[in-house]
Amino acid sequence: MSDTPENLLPETRAALLHRLARGQVDGRAPSMVGAVVRDGRLVWSAGRGLVDAAPPTADTQYRIGSISKTFLAVLVMRLRDEGRVDLAEPLETYLPGTAAGDCRVGDLLAHTAGLASETPPPWWERVPGHVRPELPDVLGPRPVEHRAGARFHYSNPGYALLGAMVGRLRGHPWSEALRHEVLEPLGMTRTTLLPQQPHARGWAVHPWADVLLPEPAHDAGLMGPAGQLWSTAADLARFAGLLAEGDDRVLATETVAEMRRPASPPEGGAWTAGYGLGLQLQPGARPLAGHTGSMPGFLATLWFSQDDGLAAVALANATSGPAVSTIAADLLGIVADREHRLPESWRPLPDVDAELLALTGPWYWGAAPLALRLRADRHLELVALRAGTRESRFRPAADGTWTGLDGYYAGETLRVVRGPAGEVTHLDLGSFVLTRQPYAPSDVIPGDVDPAGWRAGQG
């Protein structure tokens, strides 16, 4: 993946560079790198400040902190897709003997297991991992602080446990699994457990003077899955492509879509932020998904917009100050607002299945009108013809039925019901009956239909 600035208008590139430069100055970051990805390609990157007396580039490593959690979540979801892990099962099933064995795997991914946010002292981010050589060392005397599933409560130790689970099931450390299963297939050669040149050094910036203090960069050991990784803007651009669209070499499209769905209820009324399975969610006029990260000396953010086909990365080597989350969102927004995404060209289906074609058109759930549309690869789409009626997309299953992908009918089964002569009498959607006419034929409607039928005026 190469930097190809000609893919953006000069005015857009100038606006992106100005936003990055302003963010580096306002945040007093020793250095900062920004990048934008469009439809899976790195189309812009730039660096400000200095790393080893030269401006940083998209190939300069920074520590990415909690973005590491998203990488670990990909490994867990791969195990789930292989049938080796059930997200509804307790951790004890796969990693026996921990004080958090009753926590479900899915709750640990979504930070809804109720585990403590941090380890017992000392502060894990600032000490080497050998301080906690065993798993019990990452959990305090009271590791569970909230009822499971009741609320979102961010937990770094929870991801340490998941990392140990991956290691036990794979038979080698999570970092080795990550290299073989994710990094190598995606060509992410600059994402590593420990820094490799060229890389930025971590600094703290004095709050009241423009002077620096070097920060430690220890190997976090067992806590590594919570924030150990180092990466580059170019590598994170590749990772963004996986999270947005999936990649059959690593994770299916349906699985990454599952990771993006909110997994916990909002707190305090309005939904201002959320969390899926290893992904932070930022709602609004332009919904974003991704993750932020921080470790001593570093701040990082990766955001992507599914609707816009865009992703943005912002990396800085300062413990605090630079608003990299806002900067990454702004970089993405600059491109989205100035260069609107073109829709995919319409193309006819490559072949026609006469039986499926016969299913398309109007259907009725009682008296509510809907329409069934045929899409590519035998997928179906149920669309409302009146406001307030539920819609969903369906993928074909091996047994001749379809499975709902989204909305109210996500996971529900759509099947075609035929009469004695093989004629289609109705559709069954999770026990709901859809017919070609409102409430007709009456013999397939549960509870029967008034024999007098439709009538004029008030009854």
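For the structure itself, look to the data block above.
Now for a look at the structure at hand.

## Side note on unusual backbone geometry
Cis geometry is found at the peptide bond from Gln197 to Pro198, where omega equals -5°. Positionally, Pro198 belongs in the loop between helix H5 (174–186) and strand E4 (203–205). Non-glycine residue Ala53 carries a positive phi angle of around 70°. We note that Tyr439 has phi near 55°; this positive angle belongs to a residue other than glycine. Along the polypeptide, Tyr439 turns up in the segment after strand E19 (432–435). When its relative accessible area of 37% is taken as the criterion, Tyr439 is described as partly exposed.

## Things to note about the environment of Asn7
For Asn7, the position within the fold is in the segment before helix H1 (10–26). A relative accessible area of 26% places Asn7 in the partly exposed class. Spatially, the C-alpha atoms of Asn7 and Leu42 are 9.5 Å apart, while their sequence positions differ by 35 residues. Leaving out residues up to four positions away in the same chain, Asn7 has contacts with Arg38, Arg41, Val43 and Glu339.

## Notes on the side chain of Arg190
Note on placement: Arg190 falls in the loop between H5 and E4. The exposure class of Arg190 is buried, given its relative accessible area of 10%. At 3.4 Å, the side chain of Arg190 forms a polar contact with the backbone oxygen of Gln197. Residues contacting Arg190, with those up to four places away along its chain left out, are Asp59, Thr60, Gln61, Gln196, Gln197, Pro198, Trp230, Ser231, Thr232 and Asp235.

## A short note on the pattern of salt bridges
What the rule picks out here adds up to 24 salt bridges. A salt bridge links Arg179 to Glu184; the shortest N-O distance between them is 3.2 Å. On the accessibility criterion, Arg179 (38% relative accessible area) is partly exposed. Exposure remark for Glu184: the relative accessible area of 45% places this residue in the partly exposed category. Where Arg286 meets Asp308, a salt bridge forms, and the shortest distance between an N and an O atom there is 2.8 Å. Taken as a pair, Arg286 in the loop between strand E8 (280–282) and strand E9 (288–295) and Asp308 in the loop between strand E10 (298–305) and strand E11 (310–316) lie far apart in primary sequence, 22 residues in all. In this structure Asp308 comes out as buried when scored by relative accessible area, which is 19%. Within the structure, one salt-bridge network assembled from shared partners comprises Arg78, Glu82, Arg170 and Glu181.

Cut-off values and rules
- Residues numbered from 1 in each chain as written.
- Predicted model: local features only at pLDDT ≥ 70, side-chain atom pairs only at ≥ 80, totals over all residues.
- Heavy atoms only, no water.
- Helix = DSSP H or I, 4+ residues; strand = E, 2+ residues; numbered from the N terminus.
- Buried < 20%, exposed > 50% of the residue type's maximum accessible area, 1.4 Å probe, protein only.
- Contact = heavy atoms within 4.5 Å.
- Polar contact = N/O pair within 3.5 Å; in protein donor to acceptor, adjacent residues only side chain to side chain.
- Salt bridge = Lys/Arg side-chain N within 4 Å of Asp/Glu carboxyl O.

Remember, this is a structural readout, not a statement about activity or role.
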